[in-house]
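Chain residues, written in single-letter form:
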Amino acid sequence: MKTEISQDIQKVVELLKKGDPVAVPTETVYGLAANGFDPDAVRLIYEVKGRPSYNPVILHFSTKEKVFQAVTQVPLWANELMDYFWPGPLTLVLPKARHIPDIVTAGLDTVAVRIPAHPLMLEILKNIDFPLAAPSANLFGRISPTRPEHVFQDLNGRIQMILDGGSCQYGVESTIVGIDESGSPLLLRHGSISKEDVEEKIGRINEARSGSDTPAAPGMLKSHYAPRTPSFLVDELTPWIEKLDHLQLGMLCFTLSEGPDDPRVRVLSPSGDLQVATKELYRVMHELDQLKLDILLFKSFPTYGLGVSINDKLHRATRPTIELRKFLKS
Ligand code: TXA
Ligand code: MG
């Protein structure tokens, strides 16, 4: 199968109605979309991505009314978040209605839902009468795609079509909020809306414990978004540059003032804008990975706002720092 990159929305709609998966742009990252009411179509998503079946997918809807039919309970705070952030990069995990297929939720009694803000995605949703199940359109465990070429690199030959919507506006996945046992909101995944922005609307929220291999929530597998090149997260770049001088090195940091003056360092936002850095993050990670260098070093980001989301992605993309020792000159 030859994978076509195209702007033909009509064809996307036809393929989706037939039960075929299609890669589509959203405002966060590209998604691998299929009919969320059709278990066979959703099964194809898991197959194409090589994703384990215990990891549930998000359902994308066009209206709040349709979301309300897919869930059995909407706490007040969740309703407020919907009104503040939808359409947009916020996903809510709520108790699911009976008719939602088990394969969508990996057998859980909750379902992840959101209304995306990308105009092409919304246009598609208006032309179909089912929600779109869509994980990020990368192979399982790889960096999420923010451009059609990224999807092509991972999924060429596995799907018929990638809808070309250019670069994604936000550049990292949606922020996910679920419910804890007492009915309060629980942050399940850092994403393109900062925790502070969520808290500004509904007050303080707890964070699910993350970083283990048996996640509190399925979305929290430790290794994720990983480049193929061995990658490490470090507090400072300069001390490592000398120690690793015998290797082909790629580096990434936030602003100009932070990075050593070295042509190998990629600065995500020269002016120090976290929103810009977020948008650039996966694109630069993809580019560095393509260079087939020996090692990639990522400098930690500020620990506030979207810096927290970026650090979270970088952390999941990297190996334990202790393994850096293996690369030192002997
Ligand atoms: O921005 C995004 O959210 C993108 C675009 C395409 O919408 N989608 C995305 O999907 O990132 P995915 O599958 O890569 O990540 C969804 C995460 C997964 O880690 C999954 O474990 C978690 O959401 N998730 C889905 N349903 C869940 C549930 N019922 N309970 C807990 N976590 C859930
Ligand atoms: Mg993903």
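Residues numbered from 1 in each chain as written. Chains lettered and ligands numbered in written order. Predicted model: local features only at pLDDT ≥ 70, side-chain atom pairs only at ≥ 80, totals over all residues. Heavy atoms only, no water.

Trainee: Looking at this model, I keep getting lost on the overall build of the protein. Mind explaining?
Mentor: From N to C terminus, the protein includes 11 helices and 15 strands. Taken over the C-alpha trace, the protein has a radius of gyration of 20 Å; the compact-globule value for 330 residues is 20 Å, and the two agree within 12%. When its C-alpha atoms are laid out on the principal axes, the protein stretches across 60 × 50 × 35 Å. Here the protein holds 330 residues, and 58% of them are scored as buried. Sequence separation of 24 or more characterises 66% of the internal contacts of the protein that already satisfy a separation of 6 or more. (Helix = DSSP H or I, 4+ residues; strand = E, 2+ residues; numbered from the N terminus. Rg over C-alpha atoms; globule rule 2.2 N^0.38 Å. Buried < 20%, exposed > 50% of the residue type's maximum accessible area, 1.4 Å probe, protein only. Contact = heavy atoms within 4.5 Å.)

Trainee: Can you help me understand the pairing of strand β13 (residues 249-253) in this one?
Mentor: On a regular strand, one side chain projects to one face of the sheet and the next to the other, so that they alternate. Taken across its 5 residues, β13 has 5 buried, putting it largely inside the fold. Here β13 shows no split at all, with L249, M251 and C253 on one side and G250 and L252 on the other all buried. Sheet analysis places β13 next to strand β15 (residues 295-299), joined by 4 bridges and oriented parallel. In the strand pairing of β15, G250 is matched with L296. Where β13 lies against strand β14 (residues 265-267), 3 bridges are found, and the strand directions are parallel. Counterpart to C253 in the pairing with β14 is V267. (Pairing = 2+ DSSP bridges.)

Trainee: Is there a simple way to explain the pattern of salt bridges in this structure?
Mentor: Where charged atoms from two side chains of opposite charge come close, those side chains can pair. Inspection of every chain in the model, using the stated rule, returns 19 salt bridges. One salt bridge in this structure joins R283 and E280, with 2.2 Å as the shortest N-O distance. Remark: E280 and R283 occur in helix α10 (residues 274-290); sequence separation between them is 3 residues, near one turn of the helix. Using a relative accessible area of 24% as the deciding quantity, one classes R283 as partly exposed. E323 serves as the salt-bridge partner of K326, at 3.8 Å between the closest nitrogen and oxygen. Overall, the relative accessible area of 26% leaves E323 in the partly exposed class. Connected through salt bridges with shared partners, the residues E173, D312, K313 and R316 form a single ionic network. (Salt bridge = Lys/Arg side-chain N within 4 Å of Asp/Glu carboxyl O.)

Trainee: Just to check I follow, could you spell out helix α4 (residues 76-85) for this structure?
Mentor: Each α-helix winds once per 3.6 residues, and so residues spaced three or four apart point in a common direction. Among the residues of α4, W77, A78, L81, M82 and F85 are the ones counted as buried. Down the axis, α4 shows its buried residues gathered within 145 degrees of arc, on one side only. Summarising the contacts, the buried residues of α4 are in contact with α3 (64-70), β5 (90-95), β9 (175-179), β10 (185-189) and α8 (195-202). (Arc of directions from axis to C-beta.)

Trainee: Would you mind going over the sheet that holds strand β12 (residues 231-234) with me for this structure?
Mentor: Strand-to-strand pairing in sheets goes through backbone hydrogen bonds, with the strands running parallel or antiparallel. Taking strand neighbours across the sheet as the criterion, the 4 strands line up as β12-β15-β13-β14 in an open arrangement whose pairing is parallel. Bordering the open sheet on either side are β12 and β14, each of which pairs with just one other strand. Averaged over neighbouring strand pairs, the angle between their axes works out to 20 degrees when direction is ignored. The sheet strands contacting α10 are β13, β14 and β15, and the helix crosses β13 at an angle near 175 degrees. Where helix α11 (residues 306-317) meets the sheet, its contacts fall on β12 and β15, and the angle it forms with β12 comes to roughly 135 degrees. (Axes fitted to C-alpha atoms, helices over the stretch in contact; angles between N-to-C directions.)

Trainee: Teacher, can you tell me more about the confidence of the model for the protein here?
Mentor: Regions with low pLDDT should not have their predicted coordinates read in detail. Here the protein averages 94 in pLDDT, while 95% of its residues score no lower than 70. Confidence over residues 211-216 falls short of pLDDT 50; this stretch has 10 contacts with residues more than four positions distant or in other chains. (pLDDT = per-residue confidence, 0-100.)

Trainee: Help me understand α10, please; the structure alone is not making it clear to me.
Mentor: The end-to-end C-alpha distance of α10, which contains 17 residues, comes to 24 Å, matching closely the 24 Å that a straight helix rising 1.5 Å per residue would cover. Along α10, the helix axis deviates most sharply at E280, where the bend reaches about 40 degrees. For α10, the full list of buried residues reads L274, A277, T278, L281, Y282, V284, M285, H286, L288 and D289. Taken together, the buried residues of α10 touch α7 (148-155), β13, β14, β15 and α11. The distance from a side-chain oxygen at the start of α10 to the backbone nitrogen of Q275 is 2.9 Å, and the residue carrying that oxygen is D273. Backbone geometry just downstream of α10 places K292 in the positive-phi region, at approximately 55 degrees. (Expected span 1.5 Å × (residues − 1). Bend = angle between axes of the 7 residues up to and from the residue. Polar contact = N/O pair within 3.5 Å; in protein donor to acceptor, adjacent residues only side chain to side chain.)

Trainee: Please explain the pairing of strand β6 (residues 110-114) as it appears in this structure.
Mentor: Buried residues dominate β6, accounting for 4 of its 5 residues. The sheet contact formed by strand β4 (residues 58-60) and β6 spans 3 bridges and is parallel. By the bridge assignment for β6, L59 is matched with V113. Strand direction decides the pairing type here: β5 and β6, joined by 4 bridges, are antiparallel. Paired with L94 across the strands is V111, a residue of β6.

Trainee: Can you help me understand the environment of T72 in this one?
Mentor: On the secondary structure map, T72 appears in the loop between α3 and α4. Among the residues examined, T72 registers a relative accessible area of 57% and is labelled exposed. Each C-alpha atom of the pair T72 and D180 lies 16 Å from the other, and the pair is 108 residues apart in sequence. Excluding its chain neighbours within four sequence positions, the residues that come into contact with T72 are P95, K96 and A97.

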